[in-house]
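# Structure assessment
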Amino acid sequence: MDSILMAINPVALQLGPISVRWYGVIIACGIIVAYFVGQREMVKRGFGEDLLTDLLIWAVPISIICARIYYVTFEWPYYSSHPSEIIKIWHGGIAIHGAIIGALITAFVFTKKRGISFWKIVDILAPSLIIGQIIGRWGNFMNQEAYGGIVDRSFLEGLHLPNWLIEQMNVNGFYHQPTFLYESSWNLVGLIILLLLRKANLRRGEIFLTYIIWYSFGRFFIEGLRTDSLLIGNLRIAQIVSLVGIVVGVILIIYRRLTIKPPVRYKDQ
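A short tour of the structure in this document, coming up. (Residues numbered from 1 in each chain as written. Predicted model: local features only at pLDDT ≥ 70, side-chain atom pairs only at ≥ 80, totals over all residues. Heavy atoms only, no water.)

## With respect to helix H2 (residues 51-73)
- Counted at 1.5 Å a residue, the expected span for H2 with its 23 residues is 33 Å, and the 32 Å between its end C-alpha atoms agrees.
- A maximum bend of about 25° is found in H2 at Ile57, where proline Pro61 lies one to four positions downstream.
- Here H2 has its buried residues at Leu51, Leu52, Leu55, Ala59, Ser63, Ala67, Arg68, Tyr70, Tyr71 and Val72.
- Residues of H2 that are buried make contact with helix H1 (22-44), helix H3 (76-79), helix H4 (96-114), helix H5 (118-143) and helix H10 (237-259). (Helix = DSSP H or I, 4+ residues; strand = E, 2+ residues; numbered from the N terminus. Expected span 1.5 Å × (residues − 1). Bend = angle between axes of the 7 residues up to and from the residue. Buried < 20%, exposed > 50% of the residue type's maximum accessible area, 1.4 Å probe, protein only. Contact = heavy atoms within 4.5 Å.)

## With respect to the side chain of Asn187
- When you line up the elements, Asn187 lands in helix H8 (residues 179-200).
- Once you skip the residues sitting within four places of it in the chain, Asn187 turns out to touch Ile130, Gln133, Ile134 and Tyr215.

## Things to note about the environment of Gly38
- Relative to the helices and strands, Gly38 resides in helix H1.
- In the structure, Gly38 is positioned 11 residues away from Glu49 in sequence and 11 Å away in space, judged by C-alpha atoms.
- When sequence neighbours within four positions are dropped, the list of residues in contact with Gly38 reads Leu52, Ile124, Leu125 and Ser128.

## Let's talk about the side chain of Thr106
- As for its position among the elements, Thr106 is in helix H4.
- If we ignore the near neighbours within four places in the chain, the residues touching Thr106 are Leu55, Trp58, Ala59 and Ile62.

## Quick notes on the environment of Val189
- Structurally, the position occupied by Val189 is in helix H8.
- Each C-alpha atom, one on Val189 and one on Gly139, is 19 Å from the other, the two residues being 50 residues apart in sequence.

## Things to note about the layout of surface pockets
- The calculated volume of the second largest pocket comes to roughly 410 Å³.
- Looking at the second largest pocket, it is lined by 19 residues, and the ones nearest its centre are Ile100, Ile101, Leu104, Ile212 and Gly245.
- Mapped onto the lining of the second largest pocket, the elements with two or more residues apiece are H4, H5, helix H9 (206-223) and H10.
- Of the residues contributing to the lining of the second largest pocket, the split by class is 15 nonpolar, 4 polar and no charged. (1 Å grid on protein atoms, 1.4 Å probe; cavity = no way out; pocket = protein on both sides within 12 Å on 5 of 7 lines; lining within 4 Å. Points joined across faces, edges and corners; volume = space filled by probe spheres on them. Nonpolar A, V, L, I, M, F, W, Y, C, P; charged D, E, K, R; others polar.)

## Some words on the sheet that holds strand S4 (residues 170-171)
- Taking strand neighbours across the sheet as the criterion, the 3 strands line up as S3-S5-S4 in an open arrangement whose pairing is antiparallel. Of all the strands in the sheet, just strand S3 (150-151) and S4 have a single pairing partner and so form its edges. (Pairing = 2+ DSSP bridges.)

Shown next as structure tokens:
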């Protein structure tokens, strides 16, 4: 067996009193990769080179704010007693569902003001969204968070994981399920599916709705393994939202197929 390794330092760079954390670096990398993938497809689909930049100028900060608001809302008993902590995003956490909601609201308002199709834009950017999630989950890995229940080291070895990853799952002397890895891997498969569906030239909106359904389905089961879920009573919020996402996604696909005739497809102008 390889020698036991120390956990990875979550601080990538220390600049005097300023700590640059791996979490932020990885999230930034996810946004950059997602941008370039989305930008290439936006231009290919006939949009100007500045449109995605204009959208992201609003979408990125609004998504971060919404992700924090979402987290604080479901941890309100703590934050109501510690209001000064609310804006300290580096303390506590953010929630991906809040970020997605913020991004969609921003995209909806942006497309209405620009007079362009919301469904066309979100179809184009669905692979970029899931790329950001694939990469972003590794920020949780660096922070040793978003993990599952306690397991034996032999369980992790049985997954054929490298030793450095196994040891990062050692939190306070106990090994945990790498649920961040499960979700990142699930989303990687989802990305491949979305890219294949592009070639299939589905009806407009269905690539994005497939993303919602796919991500929500995987998140529902993976969330059940986690130990840090946001709760209402004994119910896990992420599982409730995931179920809603699946139902709404399926209903919208059926509704749009029944009502939009003739069909508008992904590659149509």
